Structures are given as C-alpha cells and as structure tokens.
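Coordinates in review
Listed here are the chains, written in short residue letters.
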Amino acid sequence: MRHRVFAFSISRLNSRLNSRLNSRLNRWLKYSLFLVLACCLCWFTHVALAAPPPTVAPTFPLLADLPIETALERGQSLYEAGQYAEAVTLLEQAVSQVAATGQVAVEVSALRNLALVYGRLGNWAAANQAIATSQTLLDRLPAKDHRALQAAVLDVQGSLQLEQGQARAAIATWEAAAKLYGELGDQEKSLRNQINQAQALQRLGFYRRSIELLTPIVQTLASQPDSLTKTVSLRTLGDGLQVVGDVDESEKVLEQSLALAKRLNSTNAIAQAELSLGNTLQLQGKRDVALAAYQRAEAASTSALTRVQAQLNQLKVFTATRQITEVQSRWQLIQATLETLPLNQSSIVARINLAQTLIQLNQTQNPTPNDIAQILTHAIQHARSLQDQRNEATAIGTLGTLYERTGQLADAQKLSNQALALAQTNNANDIAYRWQWQLGRIHKAKGDAAANPADYQRAIAAYTDALSTLQLLRADLVTVNTQAQVSFQESVEPIHREFVSLLLDSKRGEVTAQSLESARQVIESLQLAELDNFFREACLRATPTAVDQIDQQAAVIYPIILSDRLEVIVSLPQQPLRHYSTRISRTEFEAAAAQLRQYLVLRIGRLHLRGMQNLYDWIIRPVEADLVASRTQTIVFVLDGVLRNLPMSALYDGNQFLIEKYSIALTPGLQLLNPRPLQAGTLNVLTAGLSESRQGFSALPNVVSEVKQIQATVPSQVFLNQDFTEDSFKQALSSQTAPIVHLATHGKFSSDKDQTFVLTWDERLGITTLNNLLQLSELNRAVPIELLVLSACETATGDKQAALGMAGMAVRAGARSTIASLWQINDESTSLLMSRFYQELAKSKTTKAEALRQAQLAVLQEPRFRQHPYFWAPYVLVGNWL
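Residues numbered from 1 in each chain as written. Predicted model: local features only at pLDDT ≥ 70, side-chain atom pairs only at ≥ 80, totals over all residues. Heavy atoms only, no water.

Quick notes on the overall build of the protein chain
Counted only if it meets this: Helical segments are the DSSP runs of H or I of at least four residues, strand segments are the runs of E of at least two, and each set is numbered from the N terminus. Contacts between residues were defined by any pair of non-hydrogen atoms, one from each residue, lying within 4.5 Å. The method behind every accessible area is Shrake-Rupley, applied with a 1.4 Å probe, and residues are considered shielded solely by the protein chains displayed.
What the protein chain contains, in helices and strands, is 33 helices and 13 strands. For the protein chain, restricting intrachain contacts to residue pairs at least 6 apart in sequence, the fraction spanning at least 24 positions comes to 70%. With an accessible surface of roughly 36,100 Å², the protein chain has 50% of that area assigned to carbon and sulfur atoms.

Written as structure tokens, this is what we have:
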C-alpha cells in the first residue's frame, strides 16, 4: 500500500534543516544573553540590598557568602543533583571572581567544572571555550605542579568530545589522561579513563577491542573495595559481551554490576545496570523479564536521558510483540521528553532509535510517516549542529528507509546516497553497508516497477558493494554500532539471500553464466559468514577452490532457500554451472523439513518416504541424467538452513535411496576445504569413549563392542571410561601420531557454540577447548589429524540451525574431515557401521566418502535395520571427502 507523499521534499528538507539550525543557534544566543543578564541582575540586587528579604530564601548561597573552594564544591553538588542552570550561575561567578585574584590553579578547576555543566546543557561552544581557556592557563603553571590538574581537564575534555560525536578524539584524550594519572600513582582514575576509552570504542562499533581493554580492568578491580568505577566497568563489559553474542556471560556480568550498584545505593548506577540487563534479557528472548527491568530502570533513574532510554526500550518490546495500542499511547510522550533533553550525541541517538522503532510498527496513522519524518529531521539538524557526521548519516539513511517503505523511491535513493557518502567519508563501514543494501533494494524495486534492466544492474552493483563492505568488517561482523544494531539473521543473512534471488531471477532476463558464478560465490560467502557468526569471530581462512581441482568425479550441489522459492545450483567438472528452482515459500519449506525430520527421528512408519521423495524431485531429479552422463561418483552438498538437519543420503527416487547410487559428503563451502586424500600406509586410530552413564547422560553399553571391533580392524590406542579424561586425551593427542581420532561418546551440536560439546569422564569438551587441544597436538605431530569421528553425538532437538554446530566442529577442530551424526541412534547399529567403515577405509585408494557409503549400505542391508533410515542415514561426512 502506498502512503500519501510527505509534505516536504528533499530540497525543502535541507533548507528546513539549515533554517532550524540557525534558529536553534539564535535561541542559544538569546538563552545565553538572558542567562548573563539574569546573573548580573542577581548580583546587582545582592549588592544593593546586602541581603535578600527574609521571606525569599535563595535556592543556593550567593558567591559573596562563600569561599571559592566552597563555591566550587557547591557547584559540583548542584551538577550532581541535575540543577545545571543554578550550577552555571554559581560557577560563572566563581570563574569571574577567581580570575581577579590570580589563583590560576583554582581558576582552571572552576573552568573545568563550568565546561562540564555547559556540556550538560548542550552549550558546546561555551563548553569548548571553557576547556580551551583552562588549557591556556595550565601552560602558565610549572609542568611538575599541574599534572593532576591537567589530567582532570583532559578527563572532562574527553567527555565533551564523546558527546559531540568525536569518539576517536575522546579516546586519544582519555589515553593521555590515563597516562598522567598512572604517572601520579592514581590507579582508580587511570582505570576510570580506560573504561571511558572502552565506552568510546563501543560508540565506534569496536566491541571486541572494548572487551579486550575492559577484561583486565575488571580483573584488577575485582579485589578492590566496592566503587562506582567497578560498577561502570562491569556494566560496560556486559554491554560489549551482549553485542558480540555472549549473552549468558553478559547477563552474569550485568547481574554483578546491578548487585554492586545496589550495595552502593546509587540510583543512577542501578538504573543504568537495569537498562543494560534488560537489553541482554531481550536478546535472550525473555521479553517479559526485560520489560520489567526497563520499568525498574525508568523508576530508579534521576537522569532524564536514562529514563527516556528505558522508555524507548519498552517501546521496542511493545513493537516486537505487536502491542500497537501501547506504542500509540506512549511514543508522543517520549518525543516530548526528547524535546527537553540537551543537545548531545546521546539525545540524537535516542531520536533515531525512536524513529527506527516507529518505522517497524508500519502504521499509517498515529504515528503517520510525516510524524516519523519530523523526528528524523530534528535528529539530522542536531547532528549537523554538532558536526556529528556518523549520526547524521544514520538519521538520513533511516529517513531513506522511511521513504522506501512509503514507495517514494526517488527520494529514498537520494537520501540513501547522502547517508552512504557521509558514512564512507567517516570510514564507518559498519553503517555504510546498510545504505548500500538499501540502495540495492531501492534499485530492484524500481526495476520491478519499470522492467528496467539498468535498474537491475544498479541493484546488483549496490548488493556487490554491500557484500564487499561486509568482507572488510569480518572481524566485527556481528558487532555493529549501537545506532544500527541488528542481529545477524535480520541484517547480514538477508543481504546474501536477496542478492542470490536477484541474480537468479528470470524476470530481469536470462540468467547468465556470470550471474550463476556470482550467486555461487555469494552462497559461499554466506556459509563463511554464518560460521564467523557461530564462532563470534572471523577465525576461518577461505581460499577459492574449483571442484575440478579437488575431484574430477564429484558434483557439488548448492540448494538455496529463498523467501519465495528453492533454488539449486549444480557444479559438474568441466561443465558450466546450471540452476533450477521450485516455487515454495521459505515458511512452507521449513515447516515441511521440520516435520520430515520428526518422521525420521521418531521412526513413524513410512511417512518419511514422501517427504524424502519430494526433496529428491526438487534437488536431484532435474540434474539426474547429467550426473549419470558425467559419471559422477560423489555428490557434495553445500547445505543451507534447515536442510543441514536432514540426511541427503536418504533422498528417495521412488525406488532407491541416494546413498545406493552415490557417495555423499557435506561441506560448508569449497573455500574451506583442505583437498588432500588420506595418506597411504597403515591406519592408526586414537580411540576414546564412554560406555557408562556420566554427568546425567545415559550409558552407551555398545561402545565397548564398537571399540573392540575398531581394535580388531586397525591398530588403536584406547581410552575407555575413567581413562578418558581431558588430561589423558590431551597427552595422547600430543604424543601419538594416529591420523584418525575416534570419540565414541555423547555429544551435542547446537547453533550456540557454547552448547556444542563432547563428553569425557570428567568434563564437557566445548568446541573451543577441543579445537585448542587438537591445534596444540598439531605442533607436536609429524602426522596431521586427517579424520575426526564423533560417534553417538547428535544435533540439538528443536534447533533448526543445530547442524551449523556440526559444520563448526568440523571446520574448527583442526581435522581435514569429520564424521558425526544428525541424531543419537541405536548404538548396536552404530557399532556395526563403524566396524565396516574402518574395514573399507583400510582398503587401498578408498575415499572416506566411499568408505562411509559402504558402511551405511551394510547397515541398510541388515534385516534388523533395513526397515528405516533412522539406523543408517544420520551419519554424515563433513569436509574433505577424499
């Protein structure tokens, strides 16, 4: 539905912004003049009357009644109480009087405090002038006598710079302050300035660097008495952990910050901790608990900014849960509060957040698009007055999003280009990619409306730019700036899928070979991005690899789940890429896949056959003849989304399963392969397992026979039950040269790396720990680990991305290949399968994929197990199949 055109155009928007900026400056000048006149009037009245009438008590003692030091302390108290106008009056008088006495150090202190109060009022010109004057005065003092005073001035200067959008300058200023405090032996203030640096890094989107800076600080403060500095350090660390996805640790740290704030009885610290904790709880899906935390933050805070942030976050919860009435009854109150806030970066960000939340509501009335545009207009105006180009870019780009939603594509394009130019000028790639993506959507929409090939080409160029920018951001792919903070599933993943959909869309003309190759590269990039997101770091090295270079008898199939269809790209050696599609919505496809997995895992009769045949028809049938003609022996799947939880070996053509015709392997992408076959020679296996019940997991009695059969087939060193500890496993990995590591134990794969582990007698080896053990062993080994076998492991029930943990385990574990299972199966059939696998693997020139195929066929043909794929299908080979 198209909304009516906004009441103002882009050109009128710019002129209005400029006029409002001038108007605001005029208001500030009038306000400042009024304040000076008021101060003078108060002063002259005091001189004339000697004392105020007894019935009119002043709100604070006048300067003539106070020593300078007391006046400065009183100014500090007024500042902390939020009485900024009164504090300005007192401190301006103090500066004027002390300047006449020649007490330079005292004048510097007064100017420093005055700058801080000016900043709270948003009077940045006066604040910056006060700091500049204080620094000029410092030059008149002996250097050795004023280091502490200089550090205090730098401390305030950094705060002013941060709130004016100058985060990089603030970091440099606080670094200098921390160094001075360190030289003076004032550890607490030095640490406080380092915490300030961490907060500035978060403003810039560098959450990992912030965490690296904060972690030793928090450890240092842990042994020190309770303090607000300790509370702030914990809260800032919790904020960083929340954004990089370590939400459980974030909750733990923020709970500590909140408990400490309560012990200190600091209402503002309590409110800020509740606010941060609410953000983490909401990310965990605990919306009701998060809402309660936001409400407590609003009630506790004496800061108008913290209160409005708490109100905004409540509004986000109501929007996410479609409580439209609640949103409509609250947003104008929040907007009114925003109008009372001083001009600073935080208030600009709050305006942008309000607009972004209201855009998600997608209403035509209360608020109207014009209402939202006005909020963003003010945000742009304020950002320009502070010369805060980063937030200006975000506000302009968000206004472009609003125009896009209302179908005003030409204006949306202009705004998106403006936002992109500003972001690129400021090297803000973490927001630039969003406007490149937005331009891609806009050009595609224009192409759809006019069937214009030129618009499609512009869309392709914009999407290409967005992905190129994301590549530059790999180290911080999931740590986007708070002004543009969205989850991986809401931001990064859709860019890839929308781009593939565009490249393979026949509406724009014939799908060329170049488009197919580009689409394959985008899917490879998505696979890599998903693993980066899984590990929460860009830890994987990718090298483009052609399937022809790996195996001349392998076909690679990429099924891609798009919003309106299933696309399949097929790569055959020495042949051009091809593709075909099936019209089925993503929602429908995922529901069918979930039901099919349930049929397989629960062994519900033969209900699985129809679903597996549908998948065969969609994925294999269109290329079936080509597979035969090219003498394909191995099919390698680069699986997408929920398909990772289904066994491709059980695809059914109506007569045979796919495993009966081809060897099957999985890979997260050809870029992540290490294409080398298993080294010739006698196989050796390092085997470890648990047959007894441990740590709440059931016994696996057939593990004993499985281990014995492996020993009877290939030379093995075995660690069973109490002998299989983390320490013994680590020592064996370092001392043995076995190319195969076989773990017959419970384990679980999850889309959360912290819930991906294998069980030992005494520990749960998480994916990171296992990786570290395997990599450590590589340093002491002449023979690399060629194959990691994870017997009796399973993917997490109900987790549609659980198999991502399997791919992560395979890629990160340091082995070239990994064999694991999609669900926990009958351990008697597992024992048979593993025994046959090693018999086949010991044969000369047998690939790992073919050895697994023969083992699965052996189980399939066994009368006890042939009735259902449950017994043989879940085992998959991930990685190098040679």
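Further notes follow.
Details of the pairing of strand S11 (residues 787–795)
Here is the rule we go by: Burial classes: relative accessible area under 20% of the type maximum marks a residue as buried, over 50% as exposed, and values in between as partly exposed (1.4 Å probe, protein chains only). Whether two strands pair comes down to DSSP finding at least two bridges between them.
The buried fraction of S11 amounts to 9 of the 9 residues, a majority that puts the element mostly inside the structure. Pairing between strand S8 (residues 740–749) and S11: 8 bridges, direction parallel. When the bridges of S11 are listed, Lys 748 appears paired with Glu 794. Relative to strand S12 (residues 817–821), S11 runs parallel, the two being bridged by 3 bridges. When the sheet's bridge partners are listed, Leu 788 is paired in S12 with Thr 818.

Focus on the nonpolar core
Considering soluble globular proteins, one finds that nonpolar side chains tend to be buried as a cluster. So the rule is basically this: The nonpolar core is taken to be a set of buried Ala, Val, Leu, Ile, Met, Phe, Trp, Tyr and Cys residues, with the residues joined through side-chain atoms within 4.5 Å.
Within the largest apolar cluster, 141 residues are counted, with the highest numbers of intra-cluster contacts made by Ile 620, Phe 637 and Phe 729. Not counting residues within four places of it along the chain, the set of residues in contact with Phe 637 comprises Ile 557, Ile 619, Ile 620, Met 648, Leu 651, Leu 658, Ile 664, Ala 665, Leu 666 and Thr 667. With 96 residues, the next largest nonpolar core counts Ala 127, Ala 130, Ala 297 and Ala 383 among its residues.

Some thoughts on the packing of helix H21 (residues 453–472) against helix H22 (residues 492–503)
Note the threshold: A fitted line through C-alpha atoms represents every axis, and for helices the fit uses only the stretch in contact; the resulting angles, taken between N-to-C directions, go from 0 to 180 degrees. By definition, any crossing whose near helix is turned counterclockwise from its far helix by less than a right angle is left-handed, and any crossing with a clockwise turn is right-handed. Put simply, Ala, Val, Leu, Ile, Met, Phe, Trp, Tyr, Cys and Pro go in the nonpolar bin, Asp, Glu, Lys and Arg in the charged bin, and everything else, Gly too, in the polar bin.
Following both chains from N to C, one finds H21 and H22 inclined at 145°, their axes separated by 10 Å at the closest point. Between H21 and H22 lies a crossing of left-handed hand. Taken together, the residues of H22 that come into contact with H21 (itself represented by Tyr 456, Ala 459, Ile 460, Tyr 463, Thr 464, Ala 466, Leu 467 and Leu 470) are Val 492, Ile 495, His 496, Glu 498, Phe 499, Leu 502 and Leu 503. Partitioned by chemical class, the residues of the contact of H21 with H22 number 12 nonpolar, 2 polar and 1 charged.

A short note on H21
Convention followed: Any helix carries an expected span of 1.5 Å times its number of residues minus one. Whenever a nitrogen or oxygen atom comes within 3.5 Å of another N or O atom, the pair is scored as a polar contact, on the condition that within protein one atom can donate a hydrogen and the other can accept it, and that pairs from neighbouring residues in sequence are kept only if both atoms are in side chains.
An ideal rise of 1.5 Å per residue puts 28 Å on 20 residues; H21 measures up with 29 Å between its terminal C-alpha atoms. Looking only at H21, the buried set comprises Asp 455, Tyr 456, Ala 459, Ile 460, Ala 462, Tyr 463, Ala 466, Leu 467, Thr 469 and Leu 470. Near the N-terminus of H21, the side chain that reaches the backbone nitrogen of Ala 454, with its oxygen 3.0 Å away, is that of Asn 452.

What about the packing of aromatic side chains?
Where we set the bar: Only the six-membered ring of Trp is used, alongside the rings of Phe and Tyr, when aromatic pairs are assigned; centres must lie within 6.5 Å, and planes under 30 degrees apart are stacked while those over 60 apart are edge-to-face, with the rest tilted.
A full pass over the atoms with the stated rule returns 10 aromatic pairs. Considering the side-chain rings of Tyr 652 and Phe 657, the 5.0 Å spacing of their centres and the 45° angle between planes classify their relative orientation as tilted. Taking relative accessible area as the criterion, Phe 657 reaches 13% and is therefore assigned buried. For the ring pair Trp 823 and Tyr 870, a centre distance of 6.3 Å and an interplane angle of 15° mean the geometry is stacked. One end of the pair, Trp 823, is in the loop between S12 and helix H32 (827–841); the other, Tyr 870, is in the loop between helix H33 (848–860) and strand S13 (875–879), with 47 residues separating them in the sequence.

Topic: the pattern of salt bridges
We apply this condition: One side-chain nitrogen of Lys or Arg within 4 Å of one carboxyl oxygen of Asp or Glu is enough to make a salt bridge.
A full pass over the atoms with the stated rule returns 34 salt bridges. With a closest N to O distance of 2.9 Å, Glu 163 and Arg 203 form a salt bridge. Highlighted residues: Glu 163 in helix H6 (residues 147–163) and Arg 203 in helix H8 (residues 187–203), separated in sequence by 40 residues. With relative accessibility at 17%, the residue Glu 163 sits in the buried group. Arg 853 is paired through a salt bridge with Glu 850; the nearest N and O atoms lie 3.2 Å apart. On the criterion of helical spacing, the pair formed by Arg 853 and Glu 850 is a turn pair, its members being 3 residues apart in helix H33.

Side note on the side chain of Arg 497
Here Arg 497 lies in helix H22. Residues in contact with Arg 497, not counting those within four places in the same chain, are Leu 526, Glu 530, Ile 560, Ile 561, Leu 562, Arg 586 and Asp 640.

So, the packing of helix H20 (residues 429–450) against H21
Note the threshold: Put simply, angles under 35 degrees are roughly parallel, angles over 145 are roughly antiparallel, angles from 65 to 115 are roughly perpendicular, and the rest are oblique.
At a closest axis distance of 8 Å, the pairing of H20 and H21 adopts a crossing angle of 160°. As summarised for this structure, H20 and H21 are arranged roughly antiparallel, according to the angle between their axes. In this structure, H20 meets H21 at a crossing whose hand is left-handed. Here Asn 429, Tyr 433, Gln 436, Trp 437, Leu 439, Gly 440, Arg 441, His 443, Lys 444, Lys 446, Gly 447 and Asp 448 of H20 lie close against H21, whose contacting residues are Asp 455, Tyr 456, Arg 458, Ala 459, Ala 462, Tyr 463, Asp 465, Ala 466, Thr 469, Leu 470 and Leu 472. Taken together, the residues of the contact of H20 with H21 break down into 10 nonpolar, 6 polar and 7 charged.

With respect to a nonpolar patch on the surface
Definition in use: For patch building, the residue pool is restricted to those with more than 30% relative accessible area and no salt bridge; the joining distance is 9 Å between like charges and 5 Å between nonpolar side chains (Val, Leu, Ile, Met, Phe, Trp, Tyr).
Where nonpolar side chains cluster on the molecular surface, the patch consists of Leu 602, Ile 604 and Leu 607 and spans about 250 Å² of accessible area. As for its position among the elements, Leu 607 is in the loop between helix H25 (586–602) and helix H26 (608–619).

Some remarks on the environment of His 146
Mapped onto the fold, His 146 is located in the loop between helix H5 (124–138) and H6. Looking at His 146, the relative accessible area reads 8%, which means it is buried. Not counting the four nearest positions on each side in its chain, His 146 is found in contact with Leu 138 and Leu 141.

Points about H32
Along its 15 residues, H32 runs 21 Å from first to last C-alpha, staying within 8% of the 21 Å computed at 1.5 Å per residue. Among the 15 residues in H32, 11 count as buried, and that is most of the element. Those residues of H32 lying buried are Asp 827, Ser 829, Thr 830, Ser 831, Leu 833, Met 834, Ser 835, Phe 837, Tyr 838, Glu 840 and Leu 841.

Description of the confidence of the model for the protein chain
Quick reminder of the rule: How sure the predictor is of each residue is captured by pLDDT, a score from 0 to 100.
For the protein chain, the mean per-residue pLDDT works out to 85, and 86% of the residues sit at or above 70. For residues 1–14, every residue scores under 50 in pLDDT, and the model assigns this stretch 35 contacts once sequence neighbours within four places are set aside. Predicted confidence for residues 19–65 stays below pLDDT 50, and this span has 42 contacts to residues more than four positions away or in other chains.

With respect to the pairing of S12
Among the 5 residues that make up S12, 5 are buried, leaving the element largely enclosed by the rest of the structure. Side chains Ser 817, Ile 819 and Ser 821 of S12 all project onto a buried face; the interleaved residues Thr 818 and Ala 820 project onto the opposite face, where all are buried too. The pairing of S12 with S13 spans 5 bridges and is antiparallel. Note that in S13 the partner of Ser 817 across the bridge is Gly 879.

Points about unusual backbone geometry
The residue after Asn 366, namely Pro 367, is reached through a cis peptide bond having omega 5°. You can see Pro 367 is positioned in the loop between helix H16 (345–361) and helix H17 (369–385). Its identity is not glycine, yet Gln 695 carries a phi of approximately 50°, on the positive side. Look at Asn 721: it is not a glycine, yet its phi comes out positive at around 55°. With respect to the element layout, Asn 721 can be found in the loop between strand S7 (716–720) and helix H29 (726–735). With relative accessibility at 7%, the residue Asn 721 sits in the buried group.

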